[in-house]
2 protein chains.
Amino acid sequence: MSDTVPRPTLEAVAARAGVSRATVSRVVNGGDGVREPLVERVRRAVEELGYVPNQAARSLVTKRHDAVAVVIAEPETRVFADPFFALQLRGISKELTAHDNQLVLLLTEGRDDHARVARYLAGGHVDGALVFSLHVDDPLPGLIQGAGVPTVFGGRPGWGDGTRDVVYVDSDNRGGARAAVRHLVGLGRTRVAHITGPLDQTSAADRLQGYRDVMGDAGPRLVVESDFTPGGGERAMRDLLDRCPDVDAVFAANDLTASGVLRVLRERGRRVPEDVAVVGFDDMVPVAEQTDPPLTTVRQDIEEMGRIMTRLLLRGLDRRNTGEAAPDGVGTTAPGGPVLPTVLPTTLVRRASA
Amino acid sequence: MSDTVPRPTLEAVAARAGVSRATVSRVVNGGDGVREPLVERVRRAVEELGYVPNQAARSLVTKRHDAVAVVIAEPETRVFADPFFALQLRGISKELTAHDNQLVLLLTEGRDDHARVARYLAGGHVDGALVFSLHVDDPLPGLIQGAGVPTVFGGRPGWGDGTRDVVYVDSDNRGGARAAVRHLVGLGRTRVAHITGPLDQTSAADRLQGYRDVMGDAGPRLVVESDFTPGGGERAMRDLLDRCPDVDAVFAANDLTASGVLRVLRERGRRVPEDVAVVGFDDMVPVAEQTDPPLTTVRQDIEEMGRIMTRLLLRGLDRRNTGEAAPDGVGTTAPGGPVLPTVLPTTLVRRASA
DNA sequence: GGGGGAGGTGAGAGCGCTCTCGGTGACGGG
DNA sequence: CCCGTCACCGAGAGCGCTCTCACCTCCCCC
């Protein structure tokens, strides 16, 4: 086994089955229009020779690759190291597998990488792309949009001014935030603070918006900007306690932040939820269940999000192939309904912290 | 832009530059043996037309793909959702990018997926594979070994009886464990317990072995089997306290377990490190730095591990191409030194818990 | 009973690239 | 001055597949 055995070709299978290449090809690709006995013979030949189609040769003529790129634009280790993308990938992978597509992973590291990714996508090596870019000012989405590759974004892109037809899938950050804050208000809390994420990310901005929807102009006094990390949560909470010692509830922009918040509250001797009620966001189970007390939080189904994105993309690709004129946005107006941005629901998970 | 513009071919570039296809090909692939003025002309033509080589056509003739598969065999969500693989992927991605290779991600879900993955790899769609399989009884490594694809494993494979030549990269789990336990002993602790990971994973088994190296036959009294999770750590620690109330140190098989341990100790009113010293493993920063008190732990450089695996694989592939007979193990005996299993060092990181 | 389908099957032309191999010009030595 | 050498370049043959046609049976219907 020291050198790779030359793998059997269509030709070889055809010879063995006593038919033409064309017939073997037909059988391999579904077998329509071939009479049963022949199908059987070809199948056996394929089996016996251990034939596997050469994807390169196939792509060369079909111009399809049965592969999609997943682009994760994340300069910051922190975010990448959290379970978010892992779950997302899982969902994507499942769905791609179910449709016999491969997943080509592209991680970007800093600015110069953007060009590389754009070039790769423009190079037509994949049929489509799923792109995660969290930052408002990220040039990557624009580049990709320009590359002419069917694309679905994960999370609302920052520059989405609503006029361009981008297809994206996002969680209902705003609605989830509203639910969280309403819950706190419903508990009778009157001084509900919000510790935000980095506001150059749309998810953080949308959560803040949701908070404002409920609290109206609670004033900037109760809003502290932070960065989605436990450490950031700690700092923000200290600030907050110093400035407004009478706060009786905190809506943290994510669970990691909330864990920092809880730590500071404990350290300062405030009881949770009696003195201060705390709600997080994400329902990162390993975090939320392990805090003390267990965290009430807003759940978003990350894995499902990946799955939906994939389904959307594949649907768009499929339309392309069936000849419908599908603009870059993955096919917008077409029978079967336009492919539109999708917002997935979020739900409040009540545990002990609020 | 509604329909994809036909992308320029070599032919087109050749025409524009006024040379033959062959010359363009030479230039595109390094440009050796082509006179400078021609190189220049071809470069300009490539630039002007925005030419990008068609990878499928190229693969068809070279039989190389410049792509490697990363196989993550992990039925359990828990493990996949921790930062481990994310970091690993990051390292792999960086290294692959540096060598102009693509990363094809294959996640397996349950048994039937194994066949799919094996078929894919055997299909010769990628040049090599990086495989992560944590469980001793996992059939996947065997299947892959059989597929005849150059492979490097992440972590010592369970069936590695030392006789077959598998190439793997692993952290020095055993040595790290020894360092941890020695540290505890050096602190004057005499009843050092160990809470293990799932012992069907080699990493967990190796850590236990390291513990035994130092403690000798401390007896099974002080060893509790667990599962690498915080919840598991809690249960194990409760058990332990009930059975041996006098334990004065715990070496937890990973940081997650340690976090559970710390929680139980706090709940039972034991001070850390005064009453019970605790050491973890992994140095998962977001966990270890955020525990109370911050966790002393054994660091392994996960990202580096991914990088090394990749380098090893690419080196093996390179040898193949340069004609040296390279057996499946990615090329074992060859000038430049055999490609051998690599064990990366681990270091003790002292924080407050021990 | 013959003509027209319809349903199967095969021949052949590429897809865009690499790579061998033969040809060509410049140059130096005999 | 001629020929061998060398460095460079182009022609052409595929790589393994799909897909369009043309062809060839049958079978059905008039």
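Our subject is the structure that appears above.
Residues numbered from 1 in each chain as written. Chains lettered and ligands numbered in written order. Predicted model: local features only at pLDDT ≥ 70, side-chain atom pairs only at ≥ 80, totals over all residues. Heavy atoms only, no water.

Quick notes on the protein's contact with DNA strand D
Put simply, the rule is: It suffices for a single heavy atom of a residue to lie within 4 Å of a molecule or strand for the residue to be listed as near it. A 3.5 Å cut-off defines polar contacts: any pair of N or O atoms within that distance qualifies, except that in protein one atom must be a possible hydrogen donor and the other a possible acceptor, and neighbouring residues in sequence count only when both atoms are side-chain atoms. Strands are runs of DSSP state E lasting at least 2 residues, helices are runs of H or I lasting at least 4, and numbering of each runs from the N terminus. We call Asp, Glu, Lys and Arg charged. Ala, Val, Leu, Ile, Met, Phe, Trp, Tyr, Cys and Pro are nonpolar, and the rest, Gly among them, are polar.
Of all residues adjacent to DNA strand D, which total 27 residues, the nearest are Leu10, Ser25 and Tyr51 of chain A together with Thr23 and Val34 of chain B. Within 4 Å of the protein, the contacting atoms of DNA strand D are drawn from sugar and phosphate to the extent of 67%. A distance of 2.4 Å separates a phosphate oxygen of DNA strand D from a polar atom in the side chain of Thr23 of chain B. Within the contact set of DNA strand D, a sugar or linking oxygen lies 3.5 Å away from a side-chain nitrogen or oxygen of Lys63 of chain B. Sorting the residues of the surface near DNA strand D by element identifies helix 2 (21-28) and helix 4 (55-62) of chain A together with helix 2 (21-28) and helix 4 (55-62) of chain B as the ones contributing at least two each. Of the residues belonging to the surface near DNA strand D, the class tally is 13 nonpolar, eight polar and six charged.

Some thoughts on the protein's contact with DNA strand C
In the vicinity of DNA strand C lie 27 residues, with Thr23 of chain A together with Leu10, Ser25, Tyr51 and Arg58 of chain B positioned nearest. When the atoms of DNA strand C within 4 Å of the protein are sorted by group, sugar and phosphate make up 66%. Separating a base nitrogen of DNA strand C from a side-chain N or O atom of Arg21 of chain A is a distance of 3.0 Å. With respect to DNA strand C, the backbone of Ala57 of chain B contributes an N or O atom lying 3.5 Å from a base nitrogen. Elements represented by at least two residues in the surface near DNA strand C include exactly helix 2 and helix 4 of chain A together with helix 2 and helix 4 of chain B. For the surface near DNA strand C, the per-class residue count stands at 13 nonpolar, eight polar and six charged.

Observations concerning the sheet that holds strand 7 (residues 223-224) of chain A
Residue and element names in this part refer to chain A. Let me state the cut-off plainly: Two strands are counted as paired when DSSP detects at least two bridges linking them. In this description, contact between two residues means that some pair of their heavy atoms is separated by no more than 4.5 Å. Lines fitted to C-alpha atoms define the axes, with helix axes restricted to the stretch in contact, and inter-axis angles between N-to-C directions lie between 0 and 180 degrees.
A sheet is described by the order of its strands in space; here four strands give the open sequence 7-6-8-9, paired in parallel fashion. On the outer flanks of this sheet lie strand 7 and strand 9 (277-279), each paired with one strand and no other. Note that strand 8 (residues 249-252) and strand 9 share three bridges and pair parallel. In the strand pairing of strand 9, Val250 is matched with Val278. Along the sheet face, helix 9 (residues 173-186) touches strand 6 (192-195), strand 8 and strand 9 and points at about 170° away from the line of strand 8.

Overview of the pairing of strand 3 (residues 128-133) of chain A
Residue and element names in this part refer to chain A. We count it as follows: Relative accessibility thresholds used throughout: buried, under 20% of the residue-type maximum; exposed, over 50%; partly exposed, between the two (1.4 Å probe, protein chains only). When the strands point away from the viewer and the path from the first strand over the helix to the second turns clockwise, the crossover is right-handed.
Among the six residues that make up strand 3, six are buried, leaving the element largely enclosed by the rest of the structure. Burial along strand 3 is two-sided: the face carrying Gly128, Leu130 and Phe132 and the face carrying Ala129, Val131 and Ser133 are both buried. Judged from the six bridges that link them, strand 1 (residues 67-73) and strand 3 form a sheet pairing that is parallel. From the neighbouring strand, Val71 faces strand 3, where its bridge partner is Val131. As paired strands, strand 3 and strand 4 (residues 151-154) are joined by four bridges and run parallel to one another. By the bridge assignment for strand 4, Ala129 is matched with Thr151. In terms of handedness, the path from strand 3 via helix 8 (residues 140-147) over to strand 4 forms a crossover that is right-handed.

Here we look at the pattern of salt bridges
Any two side chains of opposite charge can pair, given that their charged atoms come close. Which entries qualify depends on this criterion: A pairing counts as a salt bridge when a side-chain nitrogen of Lys or Arg comes within 4 Å of a carboxyl oxygen of Asp or Glu.
A complete count under the given rule lists 52 salt bridges over all chains for this structure. Among the salt bridges present, the one from Arg268 of chain B reaches Asp242 of chain B, with a minimum N-O distance of 3.4 Å. One end of the pair, Arg268 of chain B, is in the loop between helix 12 (255-267) and strand 9 (277-282); the other, Asp242 of chain B, is in helix 11 (residues 230-243), and 26 residues separate them in sequence. Taken together, the shared-partner salt bridges in this structure form one network comprising Arg90, Lys94, Glu95, Glu303, Glu304, Arg307 and Arg311 of chain A together with Glu109 of chain B.

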